[in-house]
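Here are the chains, one letter per residue:
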Amino acid sequence: MFHIVALYTGVLLKGALKDVVLTVVSSILALILGALGAIGRIYGGPIVGGAIYWYVEIIRGLPAILQLFILYFGLSQFGIDLNPLSAAVIWLVAYGTGYAVEIFRAGIVDVAEGQHEAAKALGLSRFTTLRKVIIPQAFVSMMPNLTSFLVLQLKNTTMLYLIGYADIMYQARLGADATEQPGPLYLMVAVEYLVISAAIARIGSRVERRIAAYR
Amino acid sequence: MSNEVVVRVNNVTKRFGERVIFESVSLDVKKSEVVAIVGPSGAGKSTFIRCINHLHAFDGGSIEVLGHVLVGGTQPTRAELQQLNSKVGMVFQTFNLFPHLTVLDNIILAPMQVKKIARQDATDQAMNLLKMVGLQQKAQSFPKRLSGGEQQRVAICRALAMEPELMLFDEPTSMLDPELVGEVLEFIQRLAGGGMTMLLVTHEMMFAKDVADTVVIMADGGIAEKGPARQVLEAPRTERARSFLRRVLSPMAHDDRDLVANGGDET
């Protein structure tokens, strides 16, 4: 059993690194789009706001695997052939955005009405009010959700092996077939995921304490 | 007080849905005049002064503020409103300081963002304002670390930093512990003495009598009485004003007929 661990540690770590990079990149993009989406949802009027509402409903309503399969296999039937990496990034960003919109929206709505009134009474523009008054406060109330968002994004990378993206799960799967030792291999994957999630949670609570110092 | 009218409220009506908050209210405020608005809860006093800087839209009539004309039922452009708001300061019952910013950053935010004043100049001005109220050593504190009275004085400084020509106060001392009311009222009195034009919604009758030039009693969806402060508060002419004053001046003397007259909380 130990030779399995020794044999696969390197490969699995390489796969895990890919997952971490994917998580970070897709989360950053999803959060930017999510913030814009939330602003559009709240201030965009019925058309923009309605479109974003439905986008969020679709992303949250459809099973994750189904979304991924539609994107990768479904679209290829219509001549849109994505390689596994681009499909992975597009899906993680699209999926993450759906959740990020709701996280940002809840955070923004959470900011008290008096803050809007005070900003307006001072003559601040809507953009400045959002940037300087609302978003910074929204960030604080949404930090816990943001941490679970990152963990969710990380866990979603496990599904990417289904479209042939060579991440940690893919390597473990190959190893399990080759060595007929799924136990130790999947256990190693579990440990790596746990370590990364714990690191995210740790960083999250640090940041939370930092930016909520005023409370 | 000069004869120049800076606020002209003309026949203004405000409804929330079907409910009429007040109807056909008219009021002129002259430069350097101090107008205190008193009246029972739910009479629409807070809503009324929010119409003046258009935090609330209104349904009928017109309001002329420092040369800007607001017409009931129409939406002024955002640029116009921003211009108006940068000339009218407002102080809230609940202070509404920005909790994530230090005292100093609360005060310099609008001057820097709206008037594009350099940080150093805005900071100098803010420190002068804080010195005026003895809070310069709190400049780097967050609002949560301050007492209510200190927060409200900072909120007034924040409004003054925009060098407003008119100040609106919405029950500035209602949320304060009794022993902190004095420090805030004293500051407002100093502003009044300095010639600031102001409209002040308050429950402090003695303060209204001492500091205001004009007292307006709002009740039952309109102005029950208005006139020179002493005259309105000491010798009101209308029965509605008399019954209100009787209740606030001797709250224990129940008069059932008056108590039925009003209900509901102020929004």
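Whatever comes next refers back to the structure up there.
From a predicted model like this one, the values you see are computed outputs, not experimental measurements.

Asks: Go over the overall build of chain A, please, and point to the residues and values.
Replies: Within chain A, the secondary structure is distributed over eight helices and zero strands. Listing the helices and strands of chain A from first to last along the sequence gives α-α-α-α-α-α-α-α. Each principal axis of the C-alpha distribution contributes one length, and for chain A these read about 70 × 45 × 20 Å. Looking at chain A as a whole, 44% of its 215 residues qualify as buried. Across chain A, the fraction of contacts at a sequence separation of at least 24, relative to all contacts at a separation of at least 6, is 79%. The positive charge centre, built from 16 side chains, and the negative charge centre, built from 12, are 10 Å apart in chain A.

Asks: Just give me the short version of the sheet that holds strand E5 (residues 68-71) of chain B, but keep the residues and values in it.
Replies: Within a sheet, each strand pairs with its neighbour through backbone hydrogen bonds, oriented either parallel or antiparallel. All names here are of chain B. With respect to topology, four strands assemble into an open sheet ordered E2-E1-E4-E5, the strand pairing being antiparallel. Sheet topology places strand E2 (19-30) and E5 at the edges, where each strand pairs with a single neighbour. Strand-to-strand twist of the sheet, defined as the mean angle between neighbouring strand axes without regard to direction, takes the value 15 degrees. In the sheet, strand E4 (residues 60-65) pairs with E5 via four bridges, with the strands oriented antiparallel. Bridge pairing in E5 places Ser-62 opposite Val-71. Packed on one face of the sheet, helix H1 (residues 45-52) meets strand E1 (5-16), E2, E4 and E5 and runs near 55 degrees to E2.

Asks: Would you mind going over helix H3 (residues 103-114) of chain B in detail, with residue names and values included?
Replies: Judged by how many residues are buried, H3 of chain B sits mostly within the fold: nine of 12 residues are covered. For H3 of chain B, the complete set of buried residues consists of Val-103, Leu-104, Asn-106, Ile-107, Ile-108, Leu-109, Ala-110, Pro-111 and Gln-113 of chain B. Looking at the buried residues of H3 of chain B, the elements they touch are helix H6 (126-156) of chain A together with helix H4 (119-132) and helix H5 (148-160) of chain B. Once H3 of chain B finishes, Lys-116 of chain B follows within two positions and takes phi at roughly 55 degrees, a positive value.

Asks: Can you break down the packing of helix H7 (residues 168-179) of chain A against helix H8 (residues 182-211) of chain A residue by residue, with the values?
Replies: All names here are of chain A. Look at H7 against H8: their axes get within 8 Å of each other, and the N-to-C directions meet at 165 degrees. Classified by the interaxial angle, the pair formed by H7 and H8 is roughly antiparallel. As H7 packs across H8, the resulting crossing turns out to be right-handed. The segment H7 lies against H8, with Ile-168, Met-169, Ala-172, Arg-173, Gly-175, Ala-176 and Thr-179 engaging Pro-182, Leu-185, Tyr-186, Val-189, Glu-192 and Tyr-193. Counted by class, the contact of H7 with H8 contains nine nonpolar, two polar and two charged residues.

Asks: Which residues make up the interface of chain A and chain B, and what values go with them?
Replies: Opposite the 21 residues of chain A that make contact, chain B presents 27 residues. Counting each side, the surface lost to burial between chain A and chain B is near 2,100 Å², with a carbon and sulfur contribution of 61%. When the area that chain A buries against chain B is broken down by residue, the three leading residues are Glu-117, Leu-122 and Tyr-214 of chain A, summing to 32%. Counting across the chain A and chain B interface gives one salt bridge. Of the charged contacts, one joins Arg-50 of chain B and Glu-117 of chain A as a salt bridge, the two residues approaching to 2.9 Å between their closest N and O atoms. For the interface between chain A and chain B, the tally reads seven residue pairs in polar contact (both at pLDDT 80 or more). Those elements giving two or more residues to the side of chain A that touches chain B turn out to be helix H5 (113-121) and H6 of chain A.

Asks: Can you break down the pattern of salt bridges residue by residue, with the values?
Replies: All names here are of chain B. If you walk through the whole model with that rule in mind, you get 16 salt bridges over all chains. Residues Glu-163 and Lys-115 are paired through a salt bridge, measuring 3.8 Å at the closest nitrogen-oxygen approach. Within this pair, whereas Glu-163 is found in the loop between H5 and strand E7 (166-170), its partner Lys-115 is found in the loop between H3 and H4, the two being separated by 48 residues in sequence. Where Glu-239 meets Arg-246, a salt bridge forms, and the shortest distance between an N and an O atom there is 3.4 Å. With relative accessibility at 39%, the residue Glu-239 sits in the partly exposed group. We classify Arg-246 as partly exposed; its relative accessible area is 35%.

Asks: Residues and numbers for H6 of chain A, please.
Replies: Its 31 residues give H6 of chain A an end-to-end C-alpha distance of only 36 Å, which falls more than 12% under 45 Å, the value for a rise of 1.5 Å per residue. Residue Met-142 of chain A marks the point of greatest curvature in H6 of chain A, where the axis turns by about 60 degrees; the proline Pro-144 of chain A follows within four residues.

Asks: Describe a nonpolar patch on the surface, with residues and values.
Replies: Residue and element names in this part refer to chain A. Together, Val-24, Ile-28, Ile-32, Leu-33 and Leu-36 line one region of the surface with nonpolar side chains, adding up to about 460 Å² of accessible area. With respect to the helices and strands, the residue Leu-36 is situated in helix H1 (residues 2-43). Note on Leu-36: relative accessible area 55%, which makes it exposed.

Asks: So what's going on with the packing of H1 of chain A against helix H4 (residues 84-110) of chain A? Which residues, and what values?
Replies: Residue and element names in this part refer to chain A. Remark: H1 packs on H4, axes separated minimally by 6 Å, with the N-to-C direction vectors making an angle of 45 degrees. By the angle between their directions, the pair H1 and H4 is classed as oblique. The interaxial crossing formed by H1 with H4 has right-handed handedness. Partitioning the contact of H1 with H4 into residue classes produces 20 nonpolar, five polar and three charged.

Asks: Lay out the sheet that holds strand E6 (residues 88-91) of chain B with the relevant residues and their values.
Replies: All names here are of chain B. In space, the six strands of this open sheet follow the order E6-E7-E8-E3-E9-E10, with mixed pairing throughout. Each edge of the sheet is formed by a strand with only one pairing partner; in this case those strands are E6 and strand E10 (222-228). Each strand of the sheet is rotated relative to its neighbour by a mean of 15 degrees, with strand direction disregarded. Judged from the four bridges that link them, E6 and E7 form a sheet pairing that is parallel. Paired with Val-88 across the bridge in E7 is Leu-166. Strands strand E3 (34-38), E6, E7, strand E8 (197-201) and strand E9 (214-219) of the sheet are contacted by H1, whose axis makes an angle of about 155 degrees with E7.

Asks: Residue-level account of the nonpolar core, with values.
Replies: Considering soluble globular proteins, one finds that nonpolar side chains tend to be buried as a cluster. Core analysis: the largest hydrophobic core is formed by 60 residues, its most contacted members being Val-7, Phe-48, Ile-63, Val-65 and Leu-199 of chain B. If one sorts the elements of this core by residue count, H6 of chain A sits on top with nine residues. Leaving out residues up to four positions away in the same chain, Val-7 of chain B has contacts with Leu-27, Asp-28, Val-29, Ile-52, Ile-63, Glu-64, Val-65, Leu-166 and Leu-199 of chain B. Membership of the second largest hydrophobic core comes to 54 residues, among which are Leu-130, Leu-135, Ala-139 and Ala-155 of chain B.

Definitions and limits used
Residues numbered from 1 in each chain as written. Chains lettered and ligands numbered in written order. Predicted model: local features only at pLDDT ≥ 70, side-chain atom pairs only at ≥ 80, totals over all residues. Heavy atoms only, no water. Helix = DSSP H or I, 4+ residues; strand = E, 2+ residues; numbered from the N terminus. Buried < 20%, exposed > 50% of the residue type's maximum accessible area, 1.4 Å probe, protein only. Contact = heavy atoms within 4.5 Å. Lys, Arg positive; Asp, Glu negative; His and termini not counted. Charge placed at Lys NZ, Arg CZ, Asp CG, Glu CD. Pairing = 2+ DSSP bridges. Axes fitted to C-alpha atoms, helices over the stretch in contact; angles between N-to-C directions. Parallel < 35°, antiparallel > 145°, perpendicular 65-115°, else oblique. Left-handed = near helix turned anticlockwise from the far one by under 90°. Nonpolar A, V, L, I, M, F, W, Y, C, P; charged D, E, K, R; others polar. Buried area = accessible area lost by both parts, 1.4 Å probe. Salt bridge = Lys/Arg side-chain N within 4 Å of Asp/Glu carboxyl O. Polar contact = N/O pair within 3.5 Å; in protein donor to acceptor, adjacent residues only side chain to side chain. Expected span 1.5 Å × (residues − 1). Bend = angle between axes of the 7 residues up to and from the residue. Patch = residues over 30% accessible without salt bridge, like charges linked within 9 Å, V, L, I, M, F, W, Y side chains within 5 Å. Areas by Shrake-Rupley, 256 points an atom, 1.4 Å probe, with all protein chains shown as cover. Core = buried A, V, L, I, M, F, W, Y, C linked by side-chain atoms within 4.5 Å.

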